[in-house]
Amino acid sequence: GQLTAKGWHVVVLQEQSQLPIIPGGKANYMVPGAKKIVADLKVVNGCARVLFFLTWGRKAGGKQCGGGGCSAEFADFGEMQDGLTAAYLDAAQQVGGAVVPVGEAWRQAIKVGGVELFASDGSHPSVAGSYLAAATFHAALFKQSPAGASYVAGLSAAVASKLVGIAANTVLDDPGQWGL
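Attention in this report is confined to the structure presented alongside it. (Residues numbered from 1 in each chain as written. Predicted model: local features only at pLDDT ≥ 70, side-chain atom pairs only at ≥ 80, totals over all residues. Heavy atoms only, no water.)

Along the chain, the position of Gly 83 falls in helix α3 (residues 77-95). Residue classification places Gly 83 among the partly exposed positions, given a relative accessible area of 23%. Put simply, Gly 83 and Ala 128 are 45 residues apart on the chain and 23 Å apart in space, counted from C-alpha to C-alpha. (Helix = DSSP H or I, 4+ residues; strand = E, 2+ residues; numbered from the N terminus. Buried < 20%, exposed > 50% of the residue type's maximum accessible area, 1.4 Å probe, protein only.)

Before going further, it helps to spend a moment on unusual backbone geometry. With a phi close to 55 degrees, Lys 143 is a non-glycine residue in the positive phi region. Despite not being glycine, Ala 153 shows a phi value in the positive range, around 55 degrees. The exposure class of Ala 153 is partly exposed, given its relative accessible area of 23%.

This part covers the packing of aromatic side chains. Under the defined criterion, the tally for this structure stands at six aromatic pairs. Centroid distance Phe 52 to Tyr 88: 6.3 Å. Interplanar angle 65 degrees. Geometry classified as edge-to-face. Of this pair, Phe 52 sits in strand β2 (residues 49-53) while Tyr 88 sits in helix α3, and the two are 36 residues apart along the sequence. Taking the centre distance of 5.1 Å and the plane angle of 65 degrees together, the rings of Phe 53 and Phe 137 count as edge-to-face. Note that Phe 53 is positioned in strand β2 and Phe 137 in helix α5 (residues 127-142), a separation of 84 residues in sequence. Neither residue differs from the other here; Phe 53 and Phe 137 are each classed as buried. (Phe/Tyr/Trp six-rings, centres within 6.5 Å; stacked < 30°, edge-to-face > 60°.)

Turning next to the packing of helix α2 (residues 23-44) against α3. At a minimum axis distance of 10 Å, the contact between α2 and α3 shows a crossing angle of 40 degrees. Viewed along their axes, α2 and α3 adopt a mutual orientation that is oblique. As for how α2 packs across α3, the hand of that crossing is right-handed. Two secondary-structure elements touch here, α2 through Lys 26, Met 30, Val 31, Ala 34, Lys 35 and Val 38 and α3 through Ala 87, Tyr 88, Asp 90, Ala 91, Gln 94 and Val 95. Partitioned by chemical class, the residues of the contact of α2 with α3 number eight nonpolar, one polar and three charged. (Axes fitted to C-alpha atoms, helices over the stretch in contact; angles between N-to-C directions. Parallel < 35°, antiparallel > 145°, perpendicular 65-115°, else oblique. Left-handed = near helix turned anticlockwise from the far one by under 90°. Contact = heavy atoms within 4.5 Å. Nonpolar A, V, L, I, M, F, W, Y, C, P; charged D, E, K, R; others polar.)

Core analysis: the largest hydrophobic core is formed by 28 residues, its most contacted members being Trp 56, Val 102, Trp 106, Leu 117, Leu 132 and Leu 163. No other element matches α5, which puts eight residues into this core. Leaving out residues up to four positions away in the same chain, Val 102 has contacts with Phe 53, Leu 54, Trp 56, Ala 133, Thr 136 and Phe 137. Counting 21 residues, the second largest nonpolar core, distinct from the first, contains Phe 52, Leu 84, Ala 92 and Val 99. (Core = buried A, V, L, I, M, F, W, Y, C linked by side-chain atoms within 4.5 Å.)

Given below as C-alpha cells:
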C-alpha cells in the first residue's frame, strides 16, 4: 500500500543479498517480484525511478543456497561480486531500472586497501562499509560527488574522504553502465 499510496520520485529495490546469484532464486523470485513491484508502482507513479541496490559479495566467496537451489562455489569476493553485478544489471534491464553499484564501490575500495569494509562475519558491513554504501547512493541519486560531506560516521576524515572518492568514481566515471 505504501508503494502505490504516495508520489515517489525514487524507489530502491534490494533483494536478499545472495539470492540474485542463485539461478532459481533470481528467475523465480527476484525478477518476477521486481516486475510486479515496478508494474504496480508505474500505475500511480509513472515517472518514478527504480533503482536496484547492488549488494557486495561475501569476503571469502563461497556457495550460497536458498530460493530452491544453490549458487556456484565462488573462490573469493571478486568472483561472487562478478555474479552479483551481472545479476543486478540483468534484473534492472528487465524492468527498466538502474543500479546503484555499491558492490562495485566495495570492489574498488578492497583493491585500494587500508579500510575494513566487512564486519567480523565476513558478510555484513562495518561502519566503513555502510559509509561507502551511503556515499555511493549519494553519488547515484544526485549525480554528484559527496565530497565535502561533514558527516563521517566516526571514521577519520582521511578514511571518509577516501571512501567518498571511491564512491564518486565508481558511479560518476561512467554512470551509463549502471543505467543512471
